[in-house]
Amino acid sequence: MTDNTETESMIEDAEEIGQHPHAGVSQEGYSSPLQDPQIVGGCVGQLVLKRHGAETDILFPVNPPAIIGRFDPGIGPIDVDLGSLDPEGSYVSRKHAKIVCEEDVWKIVDLGSSNGTFLLRDDFERVEEGELADGTEIALGNARFVFHLVNC
């Protein structure tokens, strides 16, 4: 049995999550923030939008396996919805790429996107599949991101 303080705290947490703009699968294709992220080797992934050569404060949590794209009611919810990014989102396919983690190795896999998935090596290279490490720069169409591992 829980005491009143713990119950009040749980209610406050639930209210805060319910007010989150991405709460609920049915809202614009976002995954539910109530799900616990998969912690891989003690790490959680995230994509940080990059504009004008600098990282922004726009973050997208990645809970593998995660489909990245743009929500479409005909296709259904996706895990990382980039449709709201203007103008970058218009160059991202509805199901553009997938981030997976297999045996503690993070990877990005292109899902047949129109505008490609690119990793920055010496220059941006179009990839069908590539390994991700903390700080890897990714381009999905013309949307640029930096992949980060958090809490490692």
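See the structure shown above.
Scope of this entry: the structure provided in the associated data block.

Scoring rules and cut-offs
Residues numbered from 1 in each chain as written. Predicted model: local features only at pLDDT ≥ 70, side-chain atom pairs only at ≥ 80, totals over all residues. Heavy atoms only, no water. Pairing = 2+ DSSP bridges. Helix = DSSP H or I, 4+ residues; strand = E, 2+ residues; numbered from the N terminus. Axes fitted to C-alpha atoms, helices over the stretch in contact; angles between N-to-C directions. Salt bridge = Lys/Arg side-chain N within 4 Å of Asp/Glu carboxyl O. Buried < 20%, exposed > 50% of the residue type's maximum accessible area, 1.4 Å probe, protein only.

Here we come to the sheet that holds strand β3 (residues 66-69). A sheet is described by the order of its strands in space; here five strands give the open sequence β4-β3-β5-β6-β9, paired in mixed fashion. Strands at the two margins of the open sheet, each flanked by one partner only, are β4 (80-81) and β9 (129-132). The sheet contact formed by β3 and β4 spans two bridges and is parallel. From the neighbouring strand, I68 faces β4, where its bridge partner is V80.

This part is about the sheet that holds strand β8 (residues 124-126). Reading across from one edge, β2-β1-β11-β10-β7-β8 is the order of the six strands in this open sheet, with antiparallel pairing throughout. Unpaired on one side and paired on the other, β2 (54-62) and β8 mark the two borders of the sheet. The mean inter-strand angle of the sheet, taken between neighbouring strand axes irrespective of direction, is 35 degrees. Sheet analysis places strand β1 (residues 44-51) next to strand β11 (residues 143-150), joined by seven bridges and oriented antiparallel. Each bridged residue has a counterpart across the sheet, and for L47 the counterpart in β11 is F147.

With that settled, the discussion passes to the pairing of strand β6 (residues 105-110). Alignment of strand β5 (residues 95-102) against β6, held across six bridges, turns out to be antiparallel. Of the residues in β6, the one forming a bridge with E102 is V105. From the end of β5 to the start of β6, which pair antiparallel, there are two residues, and E103 there has a positive phi angle of about 50 degrees.

Turning next to the pattern of salt bridges. Scanning the model with the defined rule gives six salt bridges in all. Here D72 and R94 are joined by a salt bridge, their closest N and O atoms 2.5 Å apart. A residue pair is termed long-range when its members are at least 10 positions apart, and D72 in the loop between β3 and β4 and R94 in the loop between β4 and β5 qualify at 22 residues. Look at D72 and you get buried, because its relative accessible area is 19%. Between E129 and K107 there is a salt bridge, with its nearest N and O atoms 3.7 Å apart. Placement of the pair is E129 in strand β9 and K107 in strand β6, with a sequence separation of 22 residues. Ionic contacts of the salt-bridge type, sharing partners, join the residues K50, E137 and R144 into one network.

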